Amino acid sequence: MALETWEHDGDHYCLQSTYVKGDEAWYFELSEARSAPAVRTAGPRHDGFLPGPAAVTVIAHDPEVEKPPYVHFDGNQALPFNVLHNVGRHETGQ
């Protein structure tokens, strides 16, 4: 499991990715970040945030699995368009 966090216009966001071998698929969850308790932030790789409830969930199966990707938007949450548009680009500078 991997967790990326970044700041956009003063708010923090998380992208959590997990590979599930039994499903032969990647699960991606985009959410607003929540402040983590101090006990969870000890160590050099933590930035003080944990993911909140997923606003967008994407399931992407391996190419040899003949299933289409699945996208779910939580209708109770809103994210800025620029956050959705630039997911993954914040690290590459694109």
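Residues numbered from 1 in each chain as written. Predicted model: local features only at pLDDT ≥ 70, side-chain atom pairs only at ≥ 80, totals over all residues. Heavy atoms only, no water.

**A look at the overall build of the protein chain**
The condition is simple: Under the scheme used here, helices are H or I runs from DSSP no shorter than 4 residues and strands are E runs no shorter than 2 residues, and both carry numbers assigned from the N terminus. When accessible area is computed with a 1.4 Å probe and restricted to protein chains, residues below 20% of their type maximum are described as buried, those above 50% as exposed, and intermediate ones as partly exposed. Contact between two residues is taken to exist if any of their heavy atoms lie within 4.5 Å; hydrogens are not considered. We get accessible surface area from the Shrake-Rupley algorithm with a probe of 1.4 Å; when it comes to residues, only the shown protein chains can shield them.
Across its full length, the protein chain carries 2 helices and 6 strands. Secondary structure of the protein chain in N-to-C order comes out as β-β-β-β-β-β-α-α. Per-residue burial for the protein chain yields a buried fraction of 23% across its 94 residues. By sequence separation, contacts in the protein chain at least 24 residues apart represent 38% of the contacts at least 6 residues apart. Carbon and sulfur atoms make up 52% of the accessible area of the protein chain, which totals about 6,600 Å².

**Points about the nonpolar core**
Within soluble globular proteins, side chains that are nonpolar tend to cluster in buried spots. Let me state the cut-off plainly: Think of a nonpolar core as a cluster: buried Ala, Val, Leu, Ile, Met, Phe, Trp, Tyr and Cys residues, connected wherever their side-chain atoms sit within 4.5 Å.
Membership of the largest hydrophobic core is limited to 8 residues, which are W6, Y13, L15, L30, A55, V56, L79 and V83. If near-sequence neighbours (up to four positions away) are discounted, L15 is found in contact with A2, L3, E4, W6, F28, E29, L30 and V87.

**Focus: the pattern of salt bridges**
To be explicit about the condition: We define a salt bridge as a side-chain nitrogen of Lys or Arg found within 4 Å of a carboxyl oxygen belonging to Asp or Glu.
Inspection of the entire model under this criterion finds 1 salt bridge. The salt bridge partner of E32 is R34, with a shortest N-O separation of 4.0 Å. Given the relative accessible area of 27%, E32 is considered partly exposed.

**Thoughts on unusual backbone geometry**
The backbone of D9 sits at a positive phi, close to 50°, despite the residue not being glycine. As for its position among the elements, D9 is in the loop between β1 (2-8) and β2 (11-20). The backbone of E24 sits at a positive phi, close to 50°, despite the residue not being glycine. In this fold, E24 is placed in the loop between β2 and β3 (25-35).

**Some words on the side chain of S31**
Going by this rule: Each polar contact in these results corresponds to two N or O atoms within 3.5 Å; when the atoms are within protein, one needs to be able to donate a hydrogen and the other to accept it, and residues that are neighboring in sequence are counted only if both atoms are side-chain atoms.
Inspection of the secondary structure assignment puts S31 in strand β3. In this structure the side chain of S31 is engaged in a polar contact, spanning 3.2 Å, whose partner is the backbone nitrogen of G52. If we ignore the near neighbours within four places in the chain, the residues touching S31 are Y13, C14, P51, G52, P53, A54 and A55.

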